[in-house]
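In case you want the letters, here they are:
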Amino acid sequence: MRQVRGSLPVYLQLTETLVRDIAAGRLVDGEKLRPERDMAVDMGTSIGTLRKALAELQVRGLLERIQGSGNYIRAASDPKSLYAMFRLELIAGGGLPTAEVLDVGRFDKPDEIAGLGPSRAGHRIRRLRRLSGQVAAVEEIWLDASFTPSITAEDLSESLYLFYRTRLGLFIEKAEDQIGLRTVPAWKPEGFEPAAGSPICHILRKSWTAEGVIAEVSHTWYDHRVAHYVSRIR
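Summary of the structure given here. (Residues numbered from 1 in each chain as written. Predicted model: local features only at pLDDT ≥ 70, side-chain atom pairs only at ≥ 80, totals over all residues. Heavy atoms only, no water.)

Brief notes about the overall build of the protein chain
Part 1: Within the protein chain one finds 4 helices and 10 strands.
Part 2: Counting from the amino terminus, the protein chain carries its helices and strands in the arrangement α-α-α-β-β-β-β-β-β-α-β-β-β-β.
Part 3: A compact globule built from 234 residues would reach a C-alpha radius of gyration of about 17 Å, and the protein chain, at 19 Å, matches this within 12%.
Part 4: In terms of principal-axis extent, the alpha carbons of the protein chain reach across some 60 × 40 × 35 Å. (Helix = DSSP H or I, 4+ residues; strand = E, 2+ residues; numbered from the N terminus. Rg over C-alpha atoms; globule rule 2.2 N^0.38 Å.)

This is the structure we're talking about:
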């Protein structure tokens, strides 16, 4: 598993992949994992990096390591994940989300969201999203300009919420998703197969701080042939 600029450390990428497999039910409570050497080969990493990922799972209470026996999944009702609010999964379930930034800039918010958040301006972030390497969606995120004067593509990590917390001190406490049908935007990159202007599944998300301020509004257009939207109720 190759490290790319701005991405999570490889061991955390592995951890998040396993967490999403647990959330999707692909790994079930009490299941014994394959030998570490075999897992490392399958996941394209070293045994040392895999063991670091498994140790992180253990810290989160999602893995029990029994000396002389092996590693066993301990599923939780709400597995802690950097992508807990990212609701797209591969059709088969799970999939590690990654993001390719297409462009970042500061603009006046479009009329549709002009009244959402303290500022009339926003930082517009457009990204191509993959799940375990498969192109699944395009996004347009508007972060209210009141939270930072500027953002560059180099600032961003795979998880925007992680960037918000660690770089801006901004904590997203709740979000509302509205699922519907729109058309593929004209700016979509070549790697996203659905044609511009064609009907597509769409998510409009509004995100709030603990103080009740709308900090972010985002659009996600996703390819239903690759991914589906999943919301689990425990």
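What to know about the side chain of Glu89
Part 1: Counting through the fold element by element, Glu89 comes out in strand E3 (residues 88–90).
Part 2: Every residue in contact with Glu89, bar those within four places of it in the chain, is listed here: Arg20, Ala24, Gly94, Leu131, Val226, Ala227, His228, Val230 and Arg232. (Contact = heavy atoms within 4.5 Å.)

Some points on the pattern of salt bridges
Part 1: Applying the stated criterion across every chain yields a total of 20 salt bridges.
Part 2: We note a salt bridge from Glu100 to Arg130, for which the minimum N-O separation is 3.1 Å. One end of the pair, Glu100, is in strand E4 (residues 97–108); the other, Arg130, is in strand E5 (residues 121–131), and 30 residues separate them in sequence.
Part 3: For Arg130, a relative accessible area of 26% gives the class partly exposed.
Part 4: We note a salt bridge from Arg120 to Asp111, for which the minimum N-O separation is 3.9 Å.
Part 5: For Asp111, a relative accessible area of 70% corresponds to the exposed category.
Part 6: Taken together, the shared-partner salt bridges connect Glu16, Glu56 and Arg60 into one network. (Salt bridge = Lys/Arg side-chain N within 4 Å of Asp/Glu carboxyl O. Buried < 20%, exposed > 50% of the residue type's maximum accessible area, 1.4 Å probe, protein only.)

Here we look at the packing of helix H1 (residues 10–23) against helix H3 (residues 47–59)
When two helices pack together, you describe them by how their axes are tilted relative to each other and by the distance separating the axes.
Part 1: Direction vectors running N to C along H1 and H3 enclose 55 degrees, while the axes themselves pass 8 Å from each other. The pairing of H1 with H3 is recorded here as oblique in orientation. Along this stretch, H1 crosses H3, giving a crossing that reads as right-handed. Every residue of H3 that contacts H1 at Val10, Tyr11, Leu12, Leu14, Thr15, Leu18 and Val19 is listed here: Thr49, Leu50, Lys52, Ala53, Leu54, Glu56 and Leu57.
Part 2: A per-class count over the contact of H1 with H3 returns 10 nonpolar, 2 polar and 2 charged. (Axes fitted to C-alpha atoms, helices over the stretch in contact; angles between N-to-C directions. Parallel < 35°, antiparallel > 145°, perpendicular 65-115°, else oblique. Left-handed = near helix turned anticlockwise from the far one by under 90°. Nonpolar A, V, L, I, M, F, W, Y, C, P; charged D, E, K, R; others polar.)

With respect to the pairing of E5
Part 1: Most of E5 sits inside the fold, with 10 of its 11 residues counted as buried.
Part 2: Examined bridge by bridge, E4 and E5 share 11 bridges and lie antiparallel to one another. From the neighbouring strand, Glu100 faces E5, where its bridge partner is Leu128.
Part 3: Bridging between E5 and strand E6 (residues 134–144) involves 10 bridges; their strand directions are antiparallel. Bridge pairing links Leu131 to Gln134 in E6. (Pairing = 2+ DSSP bridges.)

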